[in-house]
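# Results of the structural survey
This is what each chain is made of:
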Amino acid sequence: MHVDTNCVVRGAAFLMSVPLDLELFQTLESRANDLSSNLSNVIQRLQTQMRQMSSSTAESSEIYKQSIQKLSEEINECTGKTVELITQCDELDKDLAQLHTLSRQIKSIDKALDQLQRAI
């Protein structure tokens with residue numbers, strides 16, 4: 001890369017001929033420091049909020065996991081109780097079927113007794 005020395009010398013001469021406003025530079029430096037401080041504060045608050053959000057997300061994930069586990073346990077328990085209820089209903093149905101047979105036998109005996117009473 002070739003550097004034109006005439007251009008560099010002219011640029012340096014131009015900078016030497018421009019009057020410098022020291023107060024302007026101090027004001028710029030002060031504003032730059034203020035902006036830097038404000039940016040640091042904003043970044044620090046953002047980091048704090050991100051940590052809080054991360055913590056909240058982790059907590060909510062754990063609560064969700066526990067809720068799903070509890071729901072699963074409840075469903076399993078309800079399923080077991082439903083199977084038990086169905087088994088008991090089947091047994092009751094068998095017992096009731098025997099009652100129908102017993103009821104017919106009682107009616108038959110009752111008719112026979114009525115006939116016997118009429119005959120006497």
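Below, the structure is looked at part by part. This one's a predicted model, so the numbers in the text were calculated from it and none came from an experiment. Every chain is numbered on its own, with residues counted from 1 as its sequence reads. In view of the model being predicted, local features appear only for residues whose pLDDT reaches at least 70, and side-chain atom pairs are presented and counted only at 80 or more, with totals across whole chains, interfaces and linings using the full set of residues. Hydrogens and waters are ignored; side-chain quantities use all the structure's heavy atoms.

The number of helices and strands found in the chain is two helices and zero strands. For the chain, with 120 residues in total, the buried portion stands at 0%. Carbon and sulfur atoms form 60% of the exposed surface of the chain, whose accessible area is close to 11,500 Å². Helix and strand definitions here come from DSSP, where helices need a minimum of 4 consecutive H or I residues and strands a minimum of 2 consecutive E residues; each element is numbered from the N-terminal end. Three exposure classes are used, based on accessible area relative to the maximum for each residue type with a 1.4 Å probe and protein chains only: buried under 20%, partly exposed in between, and exposed over 50%. For the accessible areas, the method is Shrake-Rupley and the probe is 1.4 Å, while residue cover comes only from the protein chains on display.

Each patch is built from residues lacking any salt bridge and having more than 30% relative accessible area; the joining distance is 9 Å for like charges and 5 Å for nonpolar side chains (Val, Leu, Ile, Met, Phe, Trp, Tyr). Every case where a carboxyl oxygen of Asp or Glu lies within 4 Å of a side-chain nitrogen of Lys or Arg is listed as a salt bridge. For the charge count, each Lys or Arg is scored as positive and each Asp or Glu as negative, with His and the chain ends excluded. Throughout, a charge is located at the NZ atom of Lys, the CZ atom of Arg, the CG atom of Asp or the CD atom of Glu. A cluster of acidic residues, Asp90, Glu91, Asp93 and Asp95, forms a negative patch at the surface. Along the chain, Asp93 turns up in helix 2 (residues 22–119).

Turning our eyes to something else, we now look at the pattern of salt bridges. By the definition in use, this model includes two salt bridges. Lys70 is the partner of Glu74 in a salt bridge, and the nearest nitrogen-oxygen pair spans 3.6 Å. Remark: Lys70 and Glu74 occur in helix 2; sequence separation between them is four residues, near one turn of the helix. Residue Lys70 is classed as partly exposed on the basis of its relative accessible area of 47%. One salt bridge connects Lys81 with Glu77, and the closest N-O pair in it is separated by 3.2 Å. Residue Lys81 and its partner Glu77 are located together in helix 2, separated by four residues, close to a single helical turn. For Glu77, a relative accessible area of 40% gives the class partly exposed.

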